[in-house]
Amino acid sequence: MKLDSMYQEVILDHYKHPHGRGLRDGDAEVHHVNPTCGDEITLRVKLDGSKIVDVSYEGQGCSISQASASVMNELVVGRELDEAMKVQEVFLELMQSKGKLEPDDAMEEVLEDAVAFAGVSKYPARVKCALLSWMAWKDATAQALSERESA
Ligand code: ZN
């Protein structure tokens, strides 16, 4: 099996069986859209101190955007914020590599199923699809933190 088709398999599997989908209680909510593709996501973040207790979401759009939200949920829920931010940075680096970055074992260990989006980085229009949920998560987290400070 070629690597590309294995990756497609992973993306399709997350699309068909999304992790943590549905809106639950959260500290902040955001709505992000990717107008070039028509993807949308409403996302809530629930924090307990510096720990991410839950990331719940509802969305619609292409398989890449929806699968990416499922992978993101799997990667950040239950983690410490700084740890999750590091994962996000590695994913961003991969997605901005224009297909030039070949994920190695170390990257695979950090990104788990998110390495499946490596091939997507070759297509600038699809990169936005893959990053939509991650950007929404970052935005919601920043809002949750600033609301806590002003409380
Ligand atoms: Zn899309």
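Conventions and cut-offs
Residues numbered from 1 in each chain as written. Predicted model: local features only at pLDDT ≥ 70, side-chain atom pairs only at ≥ 80, totals over all residues. Heavy atoms only, no water. Phe/Tyr/Trp six-rings, centres within 6.5 Å; stacked < 30°, edge-to-face > 60°. Core = buried A, V, L, I, M, F, W, Y, C linked by side-chain atoms within 4.5 Å. Buried < 20%, exposed > 50% of the residue type's maximum accessible area, 1.4 Å probe, protein only. Helix = DSSP H or I, 4+ residues; strand = E, 2+ residues; numbered from the N terminus. Contact = heavy atoms within 4.5 Å. Donors = N, O, S within 2.8 Å, 3.2 Å for Na, K, Ca; no water. Salt bridge = Lys/Arg side-chain N within 4 Å of Asp/Glu carboxyl O. Expected span 1.5 Å × (residues − 1). Bend = angle between axes of the 7 residues up to and from the residue.

By the naming in an unreviewed UniProt entry, the chain goes by Fe-S cluster assembly sulfur transfer protein SufU and is assigned to Streptomyces fildesensis.

> Give a description of the packing of aromatic side chains that names residues and reports values.
Counted by the stated rule, this structure contains three aromatic pairs. In textbook terms, an aromatic cluster arises when at least three aromatic residues are bridged by ring pairs, as seen for Phe91, Phe117, Trp134 and Trp137.

> Report on the nonpolar core, specifying residues and quantitative values.
Judged by nonpolar contacts, the single largest core of 44 residues is most densely connected at Leu43, Val76, Phe91, Phe117 and Trp137. Broken down by secondary-structure element, the contributors of at least two residues to this core are α1 (3-16), β1 (28-34), β2 (39-48), β3 (51-60), α2 (63-76), α3 (81-95), α4 (105-111) and α5 (124-150). The biggest single contributor to this core is α5, with 10 residues. In contact with Phe117, not counting residues within four places along its chain, are Ile11, Ile64, Ala67, Ser68, Val71, Phe91, Met95 and Ala130.

> How would you sum up the coordination of the zinc ion? Please name residues and give values.
On the protein side, the zinc ion has Cys37 (SG), Asp39 (OD), Asp39 (OD), Cys62 (SG) and Cys129 (SG) as donor atoms, found 2.1 to 2.7 Å from it. Within one chain, the residues donating to the zinc ion are spaced in sequence as C-x1-D-x22-C-x66-C. Note that Cys62 is positioned in the loop between β3 and α2 and Cys129 in helix α5, a separation of 67 residues in sequence. Cys129 shares its class with Cys62; the two are buried.

> Requested: an account of the pattern of salt bridges, with residues and values cited.
Scanning all chains against the criterion turns up six salt bridges. The partner of Arg44 in a salt bridge is Glu29, with the nearest N and O atoms 2.6 Å apart. Linking Arg44 in strand β2 with Glu29 in strand β1, this pair joins segments that are 15 residues apart in sequence. What makes Glu29 partly exposed here is its relative accessible area of 41%. Salt-bridge contacts for Glu83 lead to Arg79; the nearest nitrogen and oxygen are separated by 2.8 Å. Residues joined in a network through salt bridges with shared partners are Asp25, Asp27 and Lys46.

> Break down α5 for me, citing the residues and quoting the values.
Each α-helix winds once per 3.6 residues, and so residues spaced three or four apart point in a common direction. For α5, spanning 27 residues, the distance from its first C-alpha to its last is 38 Å, which sits close to the expected 39 Å at 1.5 Å a residue. Within α5, the axis deviates most sharply at Leu131, by approximately 45°. Within α5 the residues assigned to the buried category are Val127, Cys129, Ala130, Leu131, Leu132, Ser133, Trp134, Ala136, Trp137, Ala140, Thr141 and Ala144. In this fold, the buried residues of α5 make contact with β1, β2, β3, α2 and α3.

> I'd like to hear about unusual backbone geometry, residue by residue, with values.
The phi dihedral of Lys98 is positive, around 55°, even though this residue is not glycine. Its location among the elements puts Lys98 in the loop between α3 and α4. The class for Lys98 is exposed, based on a relative accessible area of 61%. Phi at Glu112 is positive, roughly 50°, even though this residue is not glycine. In this structure Glu112 comes out as partly exposed when scored by relative accessible area, which is 39%.

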